[in-house]
Amino acid sequence: MRGFLPSYYSDAKVMSAEARAMLDVYDDPSEQRSLSLDDTSSAEESPEDTRLSLETSIDAIPYIGQRFVTHDAAYEFYSEYAKRCGFSIRRHRTEGKDGIGKGLTRRYFVCHRAGNTPTKAPNDSKPQRNRKSSRCGCQAYMRISKSTDMGVTEWRVTGFSNHHNHELLEPNQVRFLPAYRTISDADKNRILMFAKSGISVQQMMRLMELEKCVEPGYLPFTEKDVRNLIQSFKKVDQDEESIDLLKMCRNIKEKDPNFKYDFTIDADNRLENIAWSYSSSVQSYEIFGDAVVFDTTHRLTAFDMPLGIWVGMNNYGMPCFHGCVLLREENVRSFSWALKVFLSFMNGKAPQTILTDQNMCLREAIAIEMPSTRHALCIWLIVAKFPSWFNAVLGERYNDWKAEFYRLYNLESIEDFELGWREMVNSFGLHTNRHITNLFVFRSLWALPYLRNHFFGGMSTTGLSKSINAFIQRFLSAQTRLAHFIEQVAVAVDFRDQAGEHQTMQQNLQNICLKTGAPMEAHAAAVLTPYAFCKLQDELVMAAHYASFQMEEGCFLVRHHTKMDGGRKVIWIPREELLSCSCHMFEFSGILCRHALRVLSTLNCFQIPDRYLPIRWRRVNSLPSKLVQAAAASEQAEQVQALQSMVSALISEAAKSKERMDMASKEISILLSRIREQPISLHGSRDCVHRS
């Protein structure tokens, strides 16, 4: 094979690993068409161990005495010749007459693989890049000299050698050399537009291939070139970025008085940290802020800034955005500031539970700023690290170990968990594994037996993690400038809100199928959202398989009808209508368990007590409770009540046919868009105060 086929080229030929490595070398910046003076190889000699370049039917071959008007014209001619032959060139030595101001008289153009890479002195303060060079001492060259004849200046070819000591690329492969990969200004503008809209680089390449009607892989640039270009867009003046970012926040604040932001300035008067939250986010937190995820695992690579995002779950089981923060450093001081500002955005209301990644600085900051909040670790962030931690260690037994881990994770008893953990360590020989040791040390932060007494509201499910990641990636993929990033977050939040409203409508319009016929089921179906009702309905169905035994007044033992021992202890205090079960499912999820429901059925209760149908899982939650109460106490009370009645009637009528459902969805979407265009005017809203 005379050439090297790139790995991303979709031709029928297969490229060897050695060839791939060689082509990767061509991406060395030193191989670009730039002036280099560091080569010491002679361009006047041709070694014996050389290869003659490919024959070409085109007559445009350099020859001694060939003339050019300028040295740039000579360079372009030789570059086109090199491309046809299977290599690229770069400018090499320049020579001039003795004396100052005499000017350039001779130039050398050499093969891009000419010379040898000079050895760099080691620098401990700078990380060294372990990159191979494509230079191999090739001595193919063209020399031109300047001459003046009858007052006319021209450049003549005075030396030429076309012998190479390396293989030359095929015509359909040479285009991947850096010298021939170019992005036009029009394409640069197109790529910038794509980057702002959050389109991935792969999607950009496919779109531009379709636009230009070229086959996949035949654009005059590669994905790597596009990534480098996008990175260059981001290398802007940090101070200007900060000014633009703050201007963007002020503009949003002028349009929406309930938009909140705060920031800090360092000793050099430069932006240090900034946090923000939208009015809809503050409203959703009022009801759904009982359990939140604070995801700090992402960074804005363009500015090397850690990114923190607060996300919760609404009553329809969908992620809801609460706030965002950009920090300069990941330390206790920065995290403390972020948490303090977040609480100020949310009117001082701390979540019951906050889930984070394993970060000791963040853990310390939570203990300081949210002492009454239960801190836990996101199980999906832990599990995501398992392949790198245990795949090589366990080999074929990895899947068996993972299944055992999940079994232990879902246990109810702390004693059973700790006993099972020891048996697992012994069975898989993990006594000296540091990851296993750390997991056990911090078990109270992630294992369910230690957390069931605390409210998570479904935030521990892997399904939610996928939704959260999809939401975050929507605006992380558009990291062009900080101000653009703020815009992209707003777009992503608005998209998430609209998608959520559509899914909410679909849930509300679907027909609820009652499975037990019990009055409690019908009551719950009328009060809870379809998402929450399905969870409760599963427990109601299973409750029929359990038997209850009254041990003493107000105390019941509930166990499956096939079991002769064990069971759950349920306490019922009728005067206060207080109910509790030893499985702690209600405390953990806000949904009553099958054991408690079995006791209610035994006691002939036909409705679930109001306190066990939490507001956060109910249907009528379109406004935070404080806003509803404020409206009810004002002149708008009758309007609010009438609107709620119309919404109920709308759902009832639309559910009677598919045509009605489609019409309702379309018209309500239009109405919501028109309502959003109206200015928001809530008196008494507090502006954020800048803290330096």
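Everything below is about the structure shown above.
From a predicted model like this one, the values you see are computed outputs, not experimental measurements.

Novice: Break down the packing of helix 18 (residues 530–543) against helix 20 (residues 594–602) for me, citing the residues and quoting the values.
Specialist: Between helix 18 and helix 20, whose axes approach to 8 Å, the crossing angle comes to 60 degrees. The orientation of helix 18 with respect to helix 20, classified from their angle, is oblique. In this structure, the crossing between helix 18 and helix 20 has a hand that is right-handed. Along the contact surface, helix 18 presents L536, E539, L540, M542 and A543, while helix 20 presents R594, L597 and R598. Residue classes in the contact of helix 18 with helix 20 are distributed as five nonpolar, no polar and three charged.

Novice: So what's going on with the sheet that holds strand 18 (residues 578–581)? Which residues, and what values?
Specialist: Taken together, four strands build an open sheet; the order of strands is 15-16-17-18 and the sheet is antiparallel. Two strands in the sheet have a free side with no partner beyond their single neighbour: strand 15 (546–552) and strand 18. Strand-to-strand twist in this sheet, taken as the mean axis angle between neighbours without regard to direction, amounts to 25 degrees. The pairing of strand 15 with strand 16 (residues 555–560) spans six bridges and is classified as antiparallel. Paired with Q550 across the bridge in strand 16 is F556. Running over the sheet, helix 20 touches strand 15, strand 16, strand 17 (568–573) and strand 18 and is turned about 70 degrees from strand 15.

Novice: Just give me the short version of unusual backbone geometry, but keep the residues and values in it.
Specialist: Excluding glycine, a negative phi dihedral is what most residues carry, and trans is how most peptide bonds are arranged. Located in the positive-phi region is N347, a residue other than glycine, with phi close to 60 degrees. Here N347 lies in the loop between helix 8 (332–345) and strand 13 (353–356). Of the residues examined, N347 reaches a relative accessible area of 42% and is grouped as partly exposed. Even without glycine at this site, H584 takes up a positive phi of about 60 degrees. With respect to the helices and strands, the residue H584 is situated in the loop between strand 18 and helix 19 (585–589).

Cut-off values and rules
In every chain, residue numbers begin from 1 and rise along the written sequence. Local features are withheld for residues below a pLDDT of 70 in this predicted model, meaning they are given only at 70 or higher, and side-chain atom pairs are given and counted only at 80 or more; totals for whole chains, interfaces and linings count all residues. Side-chain metrics in this entry use all non-hydrogen atoms of the structure; hydrogen atoms and water are not considered. In this analysis, axes come from line fits to C-alpha atoms, helices being fitted only over the stretch in contact, and the angle between any two N-to-C directions falls in the range 0 to 180 degrees. Only DSSP runs of H or I with at least four residues qualify as helices, and only runs of E with at least two residues qualify as strands; both kinds are numbered from the N terminus onward. Relative orientations are named as follows: roughly parallel for angles under 35 degrees, roughly antiparallel for angles over 145 degrees, roughly perpendicular for angles from 65 to 115 degrees, and oblique for any other angle. The sense of a crossing depends on the near helix, which, turned anticlockwise from the far helix by less than a right angle, makes the crossing left-handed and, turned clockwise, makes it right-handed. Here, two residues are considered to be in contact whenever any of their heavy atoms come within 4.5 Å of each other. Polarity classes work like this: nonpolar for Ala, Val, Leu, Ile, Met, Phe, Trp, Tyr, Cys and Pro, charged for Asp, Glu, Lys and Arg, and polar for all others, with Gly in that last group. A pair of strands is labelled paired if DSSP reports no fewer than 2 bridges between them. Relative accessible area decides the class of each residue, using a 1.4 Å probe on protein chains only: under 20% of the type maximum gives buried, over 50% gives exposed, and in between gives partly exposed.

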